[in-house]
Amino acid sequence: LEAYLALCQELGLDVLLRPGPYICAEWDFGGLPWWLLDRSDPVPLRSSDPEFLGRVETWWNELLPRVRPFLAANGGPIIAAQIENEFGYWGSDPAYLERLRSLLVCGLGGAEACPLLFTSDGTFWPDLQANGGLDGVLRTANYGSEPRKRIAELRLAQPNGPATNMEFWVGWFDAWGAVTGKSYRSAEDVASTLRESLRLGASVNIFVFHGGTSFGFCGPGANVGTTGQYEPQVTSYDYGGLLDEAGEVTDKYLKCREVMAEFLGRPELLKKSFPRALRLPASPPLELEATLSLAEALPFLQRRVAVSAMPLPAEQLGFGHGYVLYRATVPSTLTGLPLALGKDAVRDFASVAVDGKVVGTCYRNDSGLGSREFKLPAGSGGKSLEVLVDIMGRVNFGPSMLSERKGLVGPGSVSLGSPFTGPARALLGWECIPLPMEGEDLEKLPWDPSQGASPRGPWPGGPRFFRYALFVREPADGFLALDGFRKGFVCVNGFNLGRYWEIGPQRSLYIPAPLLRQGRNEVLVFDIDHAGPPANSAESAATSSAPAPRVVSEAIWNSGALPRGAKEAVADAVSGLGAALRSFSGSGD
């Protein structure tokens, strides 16, 4: 953090500090730590509850002394600090906001050193600014369109002082499974909205100028939609920002630069050119070196085993991200009954195996008839049951955060029986195995052929690791396409690039040049839902059935339900219609 603030100072950038405790930013759990949910009665989040405020004070006692030297009063780049974030959307607790203000002022060195404090909320309903703001603290508005209307709404809550668009939404984030494909907003529409805001005398903070990538497991958050569907965010946080995920200048940047040059009276800004950075050349499918099933890798991955009558959520197992493996034995007296996963039990994607063979998968949103039931194979004796759960992003917005535990959650998360077999029977006696899949764990994988690793196949379907070699002449930025893979994550030279999922819309993962080296690079893919060979396959044991990643120079995204280019055409048409209507309404002023 200190190095980043020092770099901002070196580059002459001003800093608006958002110290939380809640920051949203489409980050896992809104930036709050997962361990606030490790009890059966979670700490009351974002409230004046003494325990929550005590946790905040402990955090800020560590954080604020680190940023204090970088305050403007001390010659640093931090010119303002935000209290909470969009609290008006959460509820009403003035005592909480007042306590945060007091802690901030004190932690930043008192009133003389403390920079300008502000709050940031929507203006779409009057209660947002009323409940999210504080008297004596600058209120700011978050919006992406209709500046005249939004600034007027802000003025109802704050008649005087600067009108500030603290988050000017120039694009939007993307969720796995979005039928519309990647979000899109035209450069012309963004520039037009920016121009209107500036003409109205507003200050504008672009959100986002550069979004980047949510590497690893703990980055991307999630929302719960209006229909109650879980909407986890993809790995890329491109967002449609002024710079793309790889940091390249976009048309949106160039159009907004034209507006800024006009308002600043500095036409020389338009003369700057931006040559594209070197990219990795496209490659054929990478060479598979070895593969391991999760069962073969498990002795090297598991750190401990917790034994419980019922499945325990990840938080109660003492970790927050990665995977959880649950094991139980189905008694022989119950093997004739189907296995059922509770309605809200799977957080967030599960692979179910019986006696080592995958019998199906279940996603958190699955609700179709029979989508959470699994038929147990016939046979005498008890059955060994394994449920591997993929922990995806925690909800980062709204009251659903209060119940956002991961793994198998809730009473009756796993049962036996159906509506046709009488009351459900509980399945008791579980082993719960945390699998964080961190770098130190993955380094232990037994890739020696004598330990079971082999590049030869085909292999049965189910959770599996694949190791590939990527040879690079000169390190440069690139993207890794995951054609043929279903769901999992990718590491390059031990660095977790993030999650992939075949449902899209994101179909490739960004590889920054500093992760690569000349010569051989290791690419590790874990797929929780490896398909295995095709049914009735005639492939010999010497034939690999593994898909192979490949390097591409540009990001790959699904276009969604609309044909490629149609969404952009619709957006441009709407933008043009909006401009025409604004022109028409303005002519009558």
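Small disclaimer: the values here were computed from a predicted structure and weren't measured.

Enquirer: Any chance you could explain the overall build of the chain here in plain terms?
Expert: The secondary structure content of the chain amounts to 10 helices and 28 strands. For the chain, the C-alpha radius of gyration of 26 Å lies close to 25 Å, the compact-globule estimate for 589 residues. Each principal axis of the C-alpha distribution contributes one length, and for the chain these read about 80 × 55 × 50 Å. When burial is assessed residue by residue, the chain has 51% of its 589 residues classed as buried. Sequence separation of 24 or more characterises 77% of the internal contacts of the chain that already satisfy a separation of 6 or more.

Enquirer: What is the right way to read the pattern of salt bridges from this model?
Expert: Any two side chains of opposite charge can pair if their charged atoms end up close together. Across all of its chains, the model carries 35 salt bridges by this definition. In this structure, the salt-bridge partner of Glu62 is Arg66, at a minimum N-O distance of 2.7 Å. Taken together, the residues span about one helical turn, with Glu62 and Arg66 both in helix α2 (residues 50-67) at a distance of 4 residues. According to the relative accessible area criterion, Glu62 is partly exposed, its value standing at 42%. Beyond isolated ion pairs, a larger network of salt bridges with shared partners links Arg347, Asp348, Arg364, Glu404 and Lys406.

Enquirer: Looking at this structure, I do not really get helix α3 (residues 94-107). What am I missing?
Expert: An α-helix turns once per 3.6 residues; consequently, residues spaced three or four apart project the same way. Given a rise of 1.5 Å per residue, 14 residues ought to cover 20 Å, and the 20 Å separating the end C-alpha atoms of α3 matches this to within 8%. Positioned one or two residues after α3, Gly109 has a phi angle of 105°, which is positive.

Enquirer: Sorry if this is basic, but what is going on with the sheet that holds strand β16 (residues 373-374) here?
Expert: Within a sheet, each strand pairs with its neighbour through backbone hydrogen bonds, oriented either parallel or antiparallel. Read from one edge of the open sheet, 4 strands run β16-β12-β19-β20, paired in antiparallel fashion. Strands with a single pairing partner mark the edges of an open sheet, and in this sheet they are β16 and β20 (425-426). With 2 bridges joining them, strand β19 (residues 414-416) and β20 adopt antiparallel strand pairing. Note on β20: the bridge partner recorded for Ser415 is Ala426.

Enquirer: Before we go on, may I ask you to explain the nonpolar core in this structure?
Expert: One broad rule of soluble globular proteins: the nonpolar side chains tend to lie buried together. Residues Leu301, Tyr323, Met437, Leu442, Leu445, Phe465 and Phe526 are the most contacted members of the largest nonpolar core, which totals 69 residues. In terms of residues, this core owes the most to one element, α2, which gives 7 residues. Once residues within four sequence positions are removed from consideration, Leu442 is found in contact with Leu301, Met437, Phe465, Phe489, Cys491 and Leu524. With 29 residues, the next largest nonpolar core counts Ala306, Leu339, Ala350 and Val414 among its residues.

Enquirer: Looking at this structure, how should I read the packing of α2 against α3?
Expert: Two numbers describe a pair of packed helices, the interaxial angle and the distance between the axes. It is the contact of α2 with α3, at a shortest axis distance of 10 Å, that shows an interaxial angle of 25°. Taken as axis vectors, α2 and α3 run roughly parallel relative to one another. Here α2 runs over α3; the crossing is right-handed. Two secondary-structure elements touch here, α2 through Phe52, Leu53, Val56, Glu57, Trp60 and Leu64 and α3 through Tyr96, Arg99, Leu100, Leu103, Leu104 and Gly107.

Enquirer: Is there a simple way to explain a nonpolar patch on the surface in this structure?
Expert: Together, Leu7, Leu11 and Leu13 give the surface a local cluster of nonpolar side chains, amounting to about 280 Å² of exposed area. Inspection of the secondary structure assignment puts Leu11 in helix α1 (residues 2-11).

Enquirer: Explanation requested: the environment of Phe29 in the structure shown.
Expert: In this fold, Phe29 is placed in the loop between β1 (15-17) and α2. Under the relative-accessibility criterion, Phe29 is labelled buried at 0%. Placed 70 residues apart in sequence, Phe29 and Arg99 show a C-alpha to C-alpha distance of 22 Å. Once residues lying within four places of it in the same chain are set aside, the contact partners of Phe29 are Trp34, Leu37, Leu45, Arg394, Val395, Asn396, Met401 and Glu404.

Enquirer: What should I look at first to understand the confidence of the model for the chain in this one?
Expert: Where the model shows low pLDDT, its predicted coordinates should not be examined in detail. Here the chain averages 91 in pLDDT, and 91% of its residues register 70 or above. Under a pLDDT of 50 for its full length, residues 538-544 has, in the predicted model, 18 contacts with residues more than four places off or in other chains.

Thresholds, definitions, all that
Residues numbered from 1 in each chain as written. Predicted model: local features only at pLDDT ≥ 70, side-chain atom pairs only at ≥ 80, totals over all residues. Heavy atoms only, no water. Helix = DSSP H or I, 4+ residues; strand = E, 2+ residues; numbered from the N terminus. Rg over C-alpha atoms; globule rule 2.2 N^0.38 Å. Buried < 20%, exposed > 50% of the residue type's maximum accessible area, 1.4 Å probe, protein only. Contact = heavy atoms within 4.5 Å. Salt bridge = Lys/Arg side-chain N within 4 Å of Asp/Glu carboxyl O. Expected span 1.5 Å × (residues − 1). Pairing = 2+ DSSP bridges. Core = buried A, V, L, I, M, F, W, Y, C linked by side-chain atoms within 4.5 Å. Axes fitted to C-alpha atoms, helices over the stretch in contact; angles between N-to-C directions. Parallel < 35°, antiparallel > 145°, perpendicular 65-115°, else oblique. Left-handed = near helix turned anticlockwise from the far one by under 90°. Patch = residues over 30% accessible without salt bridge, like charges linked within 9 Å, V, L, I, M, F, W, Y side chains within 5 Å. Areas by Shrake-Rupley, 256 points an atom, 1.4 Å probe, with all protein chains shown as cover. pLDDT = per-residue confidence, 0-100.

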